[in-house]
Amino acid sequence: MANTSSAKKATRQMIRRTEVNKSRRTRVKSEVRTVEEAIASGDVAKAKAALAAAEPLLVRSAQKGVMHKRTASRKVSRLAQRVKAMSA
């Protein structure tokens, strides 16, 4: 258990931050799943719209430190590549 007041505060902050990050991570996963389901269904317009909604969330989660910048970039790139292949 934390002894100093600063360590206790750090623990409280960590717990709050963990909850926020968990929420952000869940939201990103849901949006990515929506894009993948649209790709699987073959609906190009739906897939493009879902990608347009998911991309800013991925980028923002990388900026907030929820995931690494390159991980987010890789996910966006791979999803965009799959959506582009559908319309071609």
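The structure under discussion appears in the preceding block.
Residues numbered from 1 in each chain as written. Predicted model: local features only at pLDDT ≥ 70, side-chain atom pairs only at ≥ 80, totals over all residues. Heavy atoms only, no water.

Novice: Tell me about the overall build of the protein chain, and name the residues and values.
Specialist: Across its full length, the protein chain holds three helices and zero strands. When the helices and strands of the protein chain are listed from N to C terminus, the series reads α-α-α. Its C-alpha atoms give the protein chain a radius of gyration of 17 Å, more than 25% over the compact-globule value 12 Å for 88 residues. When each of the 88 residues of the protein chain is scored for burial, the buried share is 23%. Partitioning the contacts of the protein chain with sequence separation of at least 6, the portion at a separation of at least 24 is 58%. One finds the centroid of the 22 positive side-chain charges in the protein chain at a distance of 12 Å from the centroid of its 6 negative side-chain charges. (Helix = DSSP H or I, 4+ residues; strand = E, 2+ residues; numbered from the N terminus. Rg over C-alpha atoms; globule rule 2.2 N^0.38 Å. Buried < 20%, exposed > 50% of the residue type's maximum accessible area, 1.4 Å probe, protein only. Contact = heavy atoms within 4.5 Å. Lys, Arg positive; Asp, Glu negative; His and termini not counted. Charge placed at Lys NZ, Arg CZ, Asp CG, Glu CD.)

Novice: For the environment of Arg 60, give the residues involved together with the corresponding values.
Specialist: Locating Arg 60 in the fold gives a position in helix 2 (residues 44–63). We classify Arg 60 as partly exposed; its relative accessible area is 42%. C-alpha separation for the pair Arg 60 and Ala 72, spaced 12 residues apart in sequence, amounts to 9.0 Å.

Novice: Outline the environment of Ser 87, listing residues and values.
Specialist: Relative to the helices and strands, Ser 87 resides in helix 3 (residues 69–87). Along the chain, Ser 87 and Ser 23 lie 64 residues apart, while their C-alpha atoms are 33 Å from each other. Reaching out from Ser 87, the side chain makes a polar contact with the backbone oxygen of Lys 84 at a distance of 3.0 Å. (Polar contact = N/O pair within 3.5 Å; in protein donor to acceptor, adjacent residues only side chain to side chain.)

Novice: Outline the environment of Arg 24, supporting the account with residue identities and numerical values.
Specialist: The topology assignment puts Arg 24 in helix 1 (residues 5–41). For the pair Arg 24 and Val 59, spaced 35 residues apart in sequence, the C-alpha to C-alpha distance is 12 Å. If we ignore the near neighbours within four places in the chain, the residues touching Arg 24 are Arg 17, Lys 64 and Val 66.

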